[in-house]
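# Observations on chain architecture
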Amino acid sequence: HFDTVSLAPADPILSLTEAFKADPNPDKINLSVGVFVDQSGVTPILDTVKEAEKRMLESSTSKSYLPMTGTPAYASLTQKLCFGEELAAQLQGRVASLQTPGGTGALRVAADFIAKNLETKTVWVSNPTWANHKGIFAAPGLKVETYNYFNSATLSLDYCGFLESLEAIPAGDVVVLHGCCHNPTGADLTLEQWEDVARIAASKKWIPLIDFAYQGFGDGIEEDAAAARIVAKAGLPAFVCQSFSKNLGLYQDRVGALHVVTDDASNYANVVSQLKISVRVNYSNPPAHGGAIVTTILSDEKLTEQWHAELAAMRERIASVRTQFVDALKAAGVERDFSFLTQQKGMFSFTGLNKEQAVALREKHSVYIVDSGRINVAGITDDNIDRVVAAIKAVL
Ligand code: LMR
């Protein structure tokens, strides 16, 4: 009965971790998937999260279902984190927020909602973008187009090309933008550039969808929220897909949020009703544990402060690895200029290495990077940096 099933291509990111796990080389290094590791090579559970879980263990009384949208407390706290207190208050009655299984869950609920309820059937993503975006939006039948974003010759933002693309996007279409720490390139927009984007969205009448998976990994929690806030402040309809995988290290708990900002409060009830349908047919209601951790932390001033400090330490480690890495490449006599790495933000950078070189890194040196040349900078440690540099030198 399964003769009709053909072999699917492997996931370009997650299959590399499978291959990494199967690699018997004790010196193997995984710089593929976006997971933070500390100086000792471990992906830690944050102390703040441990403390929240301790409290939850003592105070929780039931494992009954959550509402389809998650709890009101979670919605309100994540809105404030995303939009800031003041703007979140202004958006009341216009923004529909739900807890989702990770940022991916938020994107998928948004995709279903768009496909079923909006006139447009086209979503635009940056070239390049996170390898899973196309699959998520294509799944409910949307057409996925790309806009200019990155100049692969200079390995930096192609701002002119980007604006040209944005100007040409038809009214009503949805445009996926990376709120901060662009995945995979690490090339972000400045505040002024975000203002331009919001102006174009308003005049061309397309709908921004901000994929916001790295709040706090770029310049800081407030700073990184600029894109979502500029767009919402401009009164535009928008989607924001939030994730707590990275900034709270809750990868396996699958916790995120979808905020749908309507430009007219009279649409709010209808929007919520349709979002619930999308949730119900996909996973019925969200898993509770991760959401409870987020709620426990964000509703307690002390825990929130402790989280900010732990997040700052992760952000600072990545920034210092970027500098160390560039210095180490130079010191090893690598001629190619990698100084652009220090300008990029977040976990990822496009190294400019090609597919052949990525494959050689994997097969000859057991260094795993995505075929596009993307590396997870956060995977580099004092212990492995020399081996990473030597391997890159060899494949160049
Ligand atoms: C990544 O891009 O590596 C992360 O967002 C993890 C994932 O699910 O791909």
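- In the nomenclature of an unreviewed UniProt entry, the protein chain corresponds to Aspartate/tyrosine/aromatic aminotransferase from the organism Pelagicoccus enzymogenes.
- Its UniProt record gives the protein chain the following Sequence similarities (unreviewed entry) comment, quoted word for word: "Belongs to the class-I pyridoxal-phosphate-dependent aminotransferase family."

## Structural notes on the pairing of strand β4 (residues 143–148)
- Pairing of strand β3 (residues 122–127) with β4, which is carried by six bridges, proceeds in the parallel orientation. What sits directly across from Trp124, in β4, is Glu145.
- Once you follow β3 into helix α6 (residues 133–138) and on to β4, the crossover reads as right-handed.

## Description of the site of the ligand
- Close to the ligand lie Ile13, Val33, Gly34, Trp130, Asn132 and Asn183, which account for all nearby residues.
- A class-by-class count of the residues in the shell around the ligand yields three nonpolar, three polar and no charged.

## A short note on the nonpolar core
- Ranked by internal contacts, the top residues of the largest apolar core, which has 111 residues, are Ala110, Leu209, Ile210 and Ala228.
- Here this core gathers at least three residues from each of two domains, domain 1 (14–45 + 308–395) and domain 2 (65–299).
- Those residues in contact with Ile210, other than ones at most four positions away along the chain, are Leu177, Gly179, Ala227, Ala228, Val231, Ala238, Phe239 and Val240.

## What about the confidence of the model for the protein chain?
- For the protein chain, per-residue confidence averages 97 on the pLDDT scale, and residues scoring 70 or more make up 100% of the total.
- For this predicted complex, the interface confidence reaches an ipTM of 0.95, while the overall pTM sits at 0.97.

## With respect to the UniProt feature "domain: Aminotransferase class I/classII large" (unreviewed entry) in the protein chain
- Following the UniProt record, the feature "domain: Aminotransferase class I/classII large" (unreviewed entry) maps to residues 27–392 here.
- Overall, residues 27–392 shows 45% helix and 15% strand. The separation of its end C-alpha atoms is 15 Å.

## Thoughts on the domain arrangement of the protein chain
- By the assigned domains, the protein chain splits into domain 1 (14–45 + 308–395) and domain 2 (65–299).
- When each unit is reduced to the centre of its C-alpha atoms, the spacing between domain 1 and domain 2 is 27 Å.
- Taken residue by residue, the interface counts 22 residues in domain 1 and 20 residues in domain 2.
- For the side of domain 1 that touches domain 2, the secondary-structure elements that each account for two or more residues are α13 (301–331) and β11 (348–350).
- When grouped by side-chain class, the residues that make up the side of domain 1 that touches domain 2 number 11 nonpolar, eight polar and three charged.

## Focus on the pairing of strand β2 (residues 95–100)
- With six of six residues buried, β2 lies mostly within the body of the structure.
- Residues Val95, Ser97 and Gln99 line one face of β2 and the alternating positions Ala96, Leu98 and Thr100 line the opposite face, and both faces are buried.
- With six bridges connecting them, β2 and strand β10 (residues 256–261) associate as antiparallel partners. Note on β10: the bridge partner recorded for Ala96 is Val260.

## Some remarks on helix α10 (residues 226–233)
- Among the eight residues that make up α10, six are buried, leaving the element largely enclosed by the rest of the structure.
- Positive phi appears at Gly235, one or two residues downstream of α10, with a value of about 80°.

## Here's the deal with unusual backbone geometry
- Looking along the chain, the bond that leaves Asn127 and enters Pro128 is cis, with omega of 5°.
- Note that Pro128 resides in the loop between β3 and α6.
- The backbone of Arg254 sits at a positive phi, close to 50°, despite the residue not being glycine.
- Within the fold, Arg254 resides in the loop between β9 (238–243) and β10.
- By the C-beta count within 10 Å, which is 21 here, Arg254 ends up buried.
- One non-glycine residue with positive phi stands out, namely Ser366, at about 55°.
- Positionally, Ser366 belongs in the loop between α14 (355–365) and β12 (367–368).

Scoring rules and cut-offs
Residues numbered from 1 in each chain as written. Predicted model: local features only at pLDDT ≥ 70, side-chain atom pairs only at ≥ 80, totals over all residues. UniProt positions renumbered as here; feature names shortened; annotations may be inferred. Pairing = 2+ DSSP bridges. Helix = DSSP H or I, 4+ residues; strand = E, 2+ residues; numbered from the N terminus. Right-handed = clockwise from strand over helix to strand, strands pointing away. Near = placed C-beta within 6 Å. Nonpolar A, V, L, I, M, F, W, Y, C, P; charged D, E, K, R; others polar. Core = buried A, V, L, I, M, F, W, Y, C linked by C-beta atoms within 7 Å. Buried ≥ 20, exposed ≤ 12 C-beta atoms within 10 Å, placed from the backbone. Domains from an automatic or database assignment. Contact = placed C-beta atoms within 7 Å. pLDDT = per-residue confidence, 0-100.

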